[in-house]
Amino acid sequence: QVQLVESGGGLVQPGGSLRLSCAYSGFTPEYYSIGWFRQAPGKEREGVSCISGSDDSTYYQDSVKGRFTISRDNAKNTVYLQMNSLKPDDTDVYFCAADRARSYDGNYDFKCSDYDYWGQGTQVTVSS
């Protein structure tokens, strides 16, 4: 069974840094994209950053470009989100999710929306 467990959230001051970790299991990582999502008040859940399992292509939401970096270590079955220069607007519950992107015809559909499997989330609070 697919499982994703987030960790690393917490309280940090504006301008500070935090690294989130997503430990995953139950699937072949080369067939799955993995991403980080958040849902700001009054807004729909959106992809913050996603990474492909095929070629390590990445996606970043405009609001985090230049500040956040996503990476994955398949040997450790872990995906990371390094968050720098944090702002109060970054405060949210961050969810790790996996998307079965490798189809049976061999194509890889990399996207950062409509993912299939979800973790329980980890709280990130940016406040002075």
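Position labels on residues start from 1 in each chain and follow its written sequence. Reporting in this predicted model follows two pLDDT cut-offs: at least 70 for local features of residues, and 80 or more for side-chain atom pairs to be given and counted; totals over whole chains, interfaces and linings ignore these cut-offs and use all residues. To obtain the side-chain values, all non-hydrogen atoms of the structure were used and water was disregarded.

Participant: Describe the overall build of the chain, and please don't skip the residues or the numbers.
Facilitator: Counting its regular elements, the chain contains zero helices and 11 strands. Reading the secondary structure of the chain in the N-to-C direction produces β-β-β-β-β-β-β-β-β-β-β. Once the C-alpha set of the chain is aligned to its principal axes, its extents read approximately 50 × 25 × 25 Å. For every residue, the accessible area obtained with a 1.4 Å probe (protein chains only) is divided by the maximum for its type, and the residue is called buried under 20%, exposed over 50%, and partly exposed between those limits. Buried positions account for 42% of the 128 residues belonging to the chain. Note on definitions: a residue-residue contact is assigned when non-hydrogen atoms from the two residues lie within 4.5 Å. Taking the intrachain contacts of the chain between residues at least 6 apart in sequence as the baseline, contacts between residues at least 24 apart amount to 60%. Only the protein chains shown count as cover for residues, with accessible areas throughout obtained via the Shrake-Rupley method and a probe of 1.4 Å. On the chain, roughly 6700 Å² of surface is accessible, and the fraction owed to carbon and sulfur atoms is 43%. The way it works is that DSSP assigns letters per residue, a run of H or I at least four long becomes a helix, a run of E at least two long becomes a strand, and they are numbered from the N terminus.

Participant: Tell me what's going on with the state of the cysteines, and back it up with residues and numbers.
Facilitator: Two cysteine sulfurs form a disulfide in these notes if their separation is within 2.5 Å. For the coordinates displayed, the defined rule picks out two disulfides. Across the disulfide, C22 is cross-linked to C96 (sulfur-sulfur distance 2.0 Å). In this structure, the disulfide formed by C22 and C96 twists by about -80° around the S-S bond and is classed as left-handed. In this pair, C22 sits in strand 3 (residues 18–25) while C96 sits in strand 9 (residues 92–100), placing the two residues 74 residues apart along the sequence. Just as C22 is buried, C96 falls in that class too. Through a disulfide, C50 is tied to C112; the S-S separation comes to 1.9 Å. Handedness here is read from the sign of the S-S torsion; for C50 and C112, about 70°, the answer is right-handed. Of the two residues, C50 is situated in strand 5 (residues 46–51) and C112 in the loop between strand 9 and strand 10 (117–118); the sequence distance between them amounts to 62 residues. The two residues C50 and C112 agree in class, both being buried.

Participant: How would you sum up the pattern of salt bridges? Please name residues and give values.
Facilitator: We count a salt bridge whenever a side-chain nitrogen from Lys or Arg sits within 4 Å of a carboxyl oxygen from Asp or Glu. Taken as a whole, this structure holds four salt bridges when the rule is applied. In this structure, D90 and R38 form a salt bridge, with 3.1 Å as the shortest nitrogen-oxygen distance. Here R38 lies in strand 4 (residues 32–38) and D90 lies in the loop between strand 8 (78–83) and strand 9, a separation of 52 residues in the sequence. Comparing D90 with R38, the two get one shared label, buried. Across the pair K76 and D73 runs a salt bridge whose closest N-O atoms are separated by 3.4 Å.

Participant: Can you lay out the environment of S52 for me, pointing to particular residues and giving the numbers?
Facilitator: Take S52: it is sitting in the loop between strand 5 and strand 6 (58–60). On the basis of relative accessible area, S52 is assigned to the buried category, the value being 1%. Expressed as a C-alpha distance, the spacing of S52 and F37, which sit 15 residues apart in the sequence, is 15 Å. Here a polar contact is taken to be a pair of N or O atoms separated by no more than 3.5 Å, where protein atoms must pair a possible hydrogen donor with a possible acceptor and residues adjacent in sequence count only if both atoms sit in side chains. There is a polar contact of 2.9 Å between the side chain of S52 and the backbone nitrogen of S54.

Participant: Residues and numbers for the pairing of strand 3, please.
Facilitator: A pair of strands is considered paired only if DSSP assigns at least 2 bridges between the two. Relative to strand 3, strand 1 (residues 3–7) runs antiparallel, the two sharing five bridges. Bridge pairing in strand 3 links L4 to Y24. Summarising the sheet, strand 3 and strand 8 pair through six bridges and their orientation is antiparallel. Residue L20 lies in a different strand from strand 8, and its bridge partner there is L81.

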